[in-house]
Amino acid sequence: MNTQSTLRRAVYAGSFDPPTNGHLWMIAEAQQLFDELIVAIGINPDKKSSYTVAERIAFLQDMAKPYPNVRVASYEYQFLVNYAHDVGAAFIVRGIRSAGDYEYERAMRHINADLQPAIKTVFLMPPREIAEISSTMVKGLVGPKGWREIVKRYVPPSVYHKILADNADK
């Protein structure tokens, strides 16, 4: 067993509003690479969220049940790289779904290295069949005829049941 000083800890952060199967894939892949993975909800008080922090924590905890080395947390009013430093993580895990993601994440990686040079960024690329899934896309699918079967493909069961309950009138 690794001691605290040699523990390979990483942070995978996002708004997770709501979590998707793409997020689940990232968690499943990243947890294999590290002794501990902290899935952290970044709270932006200027952003209107569809789900409360407590709901998103519950979704992520449910998703992380199969992985004993994953824990769920939240942070606010802090740069991700500084949060990672504060929790003793040496790595930040980020997903790359598109060329646009790559350009943004590349720039952030350099800024993060300026702020916390010891923290490394690890990029994971999801498989093609889930590469386009985003929380925004999922929320945009709710409403039109047939939306239930479509949304069901893109989110874990606990998230799907909450979306159904919240949109029972649609």
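What counts and how
Residues numbered from 1 in each chain as written. Predicted model: local features only at pLDDT ≥ 70, side-chain atom pairs only at ≥ 80, totals over all residues. Heavy atoms only, no water. UniProt positions renumbered as here; feature names shortened; annotations may be inferred. Helix = DSSP H or I, 4+ residues; strand = E, 2+ residues; numbered from the N terminus. Buried < 20%, exposed > 50% of the residue type's maximum accessible area, 1.4 Å probe, protein only. Pairing = 2+ DSSP bridges. Right-handed = clockwise from strand over helix to strand, strands pointing away. Contact = heavy atoms within 4.5 Å. Polar contact = N/O pair within 3.5 Å; in protein donor to acceptor, adjacent residues only side chain to side chain.

By the naming in an unreviewed UniProt entry, the chain is Phosphopantetheine adenylyltransferase, taken from Kingella oralis ATCC 51147. Listed under Cofactor (unreviewed entry) in UniProt, the entry text for the chain is "Mg(2+)".

Following Asp17, the chain continues to Pro18 via a peptide bond in cis, the omega torsion being 0 degrees. Residue placement: Pro18 occurs in the loop between strand 1 (9-14) and helix 1 (21-33). A positive phi angle, close to 50 degrees, is found at Phe16, a residue other than glycine. According to the relative accessible area criterion, Phe16 is buried, its value standing at 0%. Positive phi values are uncommon outside glycine, yet Tyr77 reaches one of about 55 degrees. Here Tyr77 shows up in the loop between strand 3 (70-76) and helix 3 (80-86).

Across five bridges, strand 4 (residues 91-95) lies against strand 5 (residues 120-124) in parallel orientation. If you follow Val93 over to strand 5, its bridge partner there is Val122. For the segment spanning strand 4, helix 4 (residues 99-115) and strand 5, crossover handedness is right-handed.

A separate point is the UniProt feature "site: Transition state stabilizer" (unreviewed entry) in the chain. In this structure's numbering, the residues bearing the UniProt feature "site: Transition state stabilizer" (unreviewed entry) are His23. Residue classification places His23 among the buried residues on the basis of a relative accessible area of 15%. Among residues more than four places away in sequence, those in contact with His23 are Tyr12, Phe16, Pro18, Met63 and Ser135. Here the side chain of His23 touches Thr20 through a polar contact of 2.9 Å, landing on its backbone nitrogen.

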